[in-house]
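Survey of secondary and tertiary structure
Residue-level listing of the chains:
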Amino acid sequence: MKKCIIFIITLLITIFSVLPIGASAAYNSSVELDSEIYLLVSKDSGTVVFSQNSDEKASPASLVKIVTAILAVENCKNLDEKVTVNSTAIRPLDNTDSTMAGLVPGEEISVRDLLYCLMLQSANDAANVLAEYTAGSIDAFVKMMNKFVTDLGCTNTHFANPHGLDDENQYTTANDLVKIAKYMLDIPVLTEITDTVYYTVQPTNKTSEERDLITSIDIINSYRGLYYYEYANGIKTGYTSKAGRSVVTTATKNGYTYIAVAMKAPNIDKDGDGYNDNTALLDCKKMFKWAFANMKLATVADTSTYVCELPVKLSADADHIRVVPAEKVNALVPSGVDESSVNFETDLPDSVNAPIKKGEKVGHAKIMYADSVVAEVDLVSGDDVKVNALMFVLNLIKTVLTSPIFLTVLAVAGVGAGVYIYIVAHKGRKKVSKYKQRIENRIDDEDDDETIIRKSEADSDRIKSKMSRSAKKKKQSMSVSDFMSKAKSTGKQLQKNITGLSKNESKDKKDSDDKNNKNNRNRPAPPSAKVGDEDEFDFSLFE
């Protein structure tokens, strides 16, 4: 038992002696800091070394002036151009008891001198003058500021003025300030200005005295021993009673560059001299010193590093591949950390289909150390795997039959077929209905025709019956004498017609008398009637 305890203690001592300092997330436990918000980031790799509340919104105070300086420089063609100070830029600052350069209305001063007043002395009057010069008015300049940070990707930043006095609509975060600082560091004239400790503004048309400026960034001022850090460069400090102490600064050593942000830092007597100290500057100095002493660029992965295995389908030769980094990866990590000390947080599919070529991308990974992302890399196959033809064809068929496109087309076709069948059936029903209607109409018409015919026949029979009865009545009512008189008159008229016809034929056909005579001899004699012989007259001729 005793030997076992000794072994465990020895093992623990060995492990902790190998582990580097700061194994917690972002190494926060490695140093003691006073600021409520702080952030230390590698300018080159983006590696976060220290971070606390870096996305918390806070008042930026004079850190706003970094954006004011950027916009003024980018919109000025000549930094030595003279600017006339307007009262509209000075009067809004009356009774604010804020830092000023002593500018007066009508004074002519160069843009360059205004920038030194802005960034070294943190002069609010210089901020307003530059804003009016750049955009025409302070309000227009504030709009430019907000557009600039939005375009830069600062999602938690909004400005209300160009100088930084407290306003409820003015806020930013440590992460956004790092983005702004990185942008400014690519403007040489501003890196030169912000890394200047002393500057003299020459007399102007309104003053015969020089203005001597001293930087407020004590971390770069060797005469400020408590704050001074020899590797630091700029950028800007800020302070209001609401915002507390704040600073954005950089430091470069041995090829490594860091950007540090500290906000909402208290004033505390740290050295026991009876005076409160700027803990924002002190916190940045601590972070720089720890990072340069403990963080090194090391190889954390290369193309031979085994990450994991990944199942392979459609191959008869292999059922998995080795997954490896696509390239060699160097990362900023604590001294002593190498590829054996890191973990991979992978983003891979459940499997891949053959064929797979060695070096073909299959996923992505975050390289983790102490719960922090130190680098990212693509993952590739470490093996070549051939495809099985039969498996490939079967899988292709399965893929097609189960693909969303095929299922969608099938569904659309099904719906289309259903609609077509419905339309055809509906048209068929309409045709049958119309055919039935025509038959019914035809039957109705035939019934109507039969009815009309029967009615017509009945009407005809009634008419004939009525006419017959009427004729009989007339015949019965006609006297013999009347009838005889009518018959005699008719007979006389007939006799006249016959006589006239004979005379005409005799006159017109003189050349054919013989023929006519022959024909007349063969023709039977017409019946004759005796006038007055009424009882022997044949009345049937007139029926």
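Relevant structure appears above.
Treat the numbers as computed from the prediction; the structure is a model and nothing was measured.

**A short note on the packing of aromatic side chains**
Enumeration according to the criterion identifies nine aromatic pairs in this entry. Aromatic side chains Phe50 and Trp290 sit 5.3 Å apart centroid to centroid with 70° between the ring planes, which places their arrangement in the edge-to-face category. One end of the pair, Phe50, is in strand β2 (residues 48-52); the other, Trp290, is in helix α9 (residues 279-294), with 240 residues separating them in the sequence. For Phe50, a relative accessible area of 0% translates into the label buried. Overall, Trp290 belongs to the buried group, its relative accessible area being 8%. Aromatic side chains Tyr229 and Phe288 sit 6.0 Å apart centroid to centroid with 15° between the ring planes, which places their arrangement in the stacked category. In this pair, Tyr229 is assigned in the loop between β6 (211-214) and β7 (232-240) and Phe288 in helix α9, connecting sequence segments 59 residues apart. Residue Tyr229 shares its accessibility class with Phe288, and that shared class is buried.

**Thoughts on the packing of helix α2 (residues 65-74) against helix α4 (residues 111-119)**
Contact geometry of α2 with α4 gives a least axis separation of 10 Å together with a crossing angle of 170°. With respect to each other, α2 and α4 are oriented roughly antiparallel. Here Lys65, Ile66, Thr68, Ala69, Ala72 and Val73 of α2 come into contact with α4, specifically with Leu115, Leu118 and Met119. Of the residues belonging to the contact of α2 with α4, the class tally is seven nonpolar, one polar and one charged.

**Looking at the environment of Arg245**
By the element assignment, Arg245 lies in strand β8 (residues 244-253). It is 5.9 Å that separates the C-alpha atoms of Arg245 and Ala280, two residues lying 35 residues apart in sequence.

**Thoughts on the pairing of β8**
Burial analysis of β8 places seven of its 10 residues in the buried class, which makes it a mostly covered element. Bridge analysis of β7 against β8 gives eight bridges, and the strand direction is antiparallel. The residue bridging Tyr239 from the neighbouring strand is Arg245, located in β8. Pairing of β8 with strand β9 (residues 256-265), which is carried by eight bridges, proceeds in the antiparallel orientation. Along β9, the bridge assignment pairs Thr249 with Ala260. A loop of two residues connects β8 with β9, the two strands running antiparallel in sequence, and Asn254 in this loop sits at a positive phi of about 50°.

**Topic: the packing of α2 against helix α5 (residues 124-135)**
To describe two helices that pack against each other, one gives the angle between their axes and the distance between the axes. Interaxial distance between α2 and α5 falls to 10 Å at its minimum, and their mutual angle equals 35°. The two elements α2 and α5 cross, and the hand of that crossing is left-handed. Across the interface between the two elements, Lys65, Thr68, Leu71 and Ala72 of α2 pack against Asn124, Ala127, Leu130 and Thr134 of α5.

**Remarks on the pattern of salt bridges**
Opposite charge on two side chains makes pairing possible when the charged atoms of those side chains draw close. On inspection of all chains with the given rule, the structure shows nine salt bridges. A salt bridge links Asp34 to Lys270; its shortest N-O distance comes to 2.9 Å. One end of the pair, Asp34, is in the loop between α1 (2-18) and β1 (37-42); the other, Lys270, is in the loop between β10 (267-268) and β11 (277-278), and 236 residues separate them in sequence. Judged by its relative accessible area of 24%, Asp34 is partly exposed. The class of Lys270 is partly exposed, set by a relative accessible area of 40%. Among the ionic contacts, a cluster of salt bridges with common partners joins Glu36, Glu56 and Lys264.

**Quick notes on the sheet that holds β9**
Here we have five strands laid out as an open sheet, ordered β2-β1-β9-β8-β7, and antiparallel in their pairing. On the outer flanks of this sheet lie β2 and β7, each paired with one strand and no other. The sheet shows a mean angle of 10° between the axes of neighbouring strands, taken without regard to direction. Looking at chain direction, β1 and β2 are connected through four bridges and run antiparallel. Bridge pairing in β2 places Leu40 opposite Phe50.

**Overview of the nonpolar core**
Formed by 62 residues in total, the largest nonpolar core has its most connected members in Leu103, Leu115 and Leu190. Residue contacts for Leu190: discarding those within four places in its chain leaves Ala69, Ile70, Val73 and Met184. Ala232, Ala262, Ala280 and Trp290 belong to the second largest nonpolar core, which has 60 residues in total.

Thresholds, definitions, all that
Residues numbered from 1 in each chain as written. Predicted model: local features only at pLDDT ≥ 70, side-chain atom pairs only at ≥ 80, totals over all residues. Heavy atoms only, no water. Phe/Tyr/Trp six-rings, centres within 6.5 Å; stacked < 30°, edge-to-face > 60°. Helix = DSSP H or I, 4+ residues; strand = E, 2+ residues; numbered from the N terminus. Buried < 20%, exposed > 50% of the residue type's maximum accessible area, 1.4 Å probe, protein only. Axes fitted to C-alpha atoms, helices over the stretch in contact; angles between N-to-C directions. Parallel < 35°, antiparallel > 145°, perpendicular 65-115°, else oblique. Contact = heavy atoms within 4.5 Å. Nonpolar A, V, L, I, M, F, W, Y, C, P; charged D, E, K, R; others polar. Pairing = 2+ DSSP bridges. Left-handed = near helix turned anticlockwise from the far one by under 90°. Salt bridge = Lys/Arg side-chain N within 4 Å of Asp/Glu carboxyl O. Core = buried A, V, L, I, M, F, W, Y, C linked by side-chain atoms within 4.5 Å.

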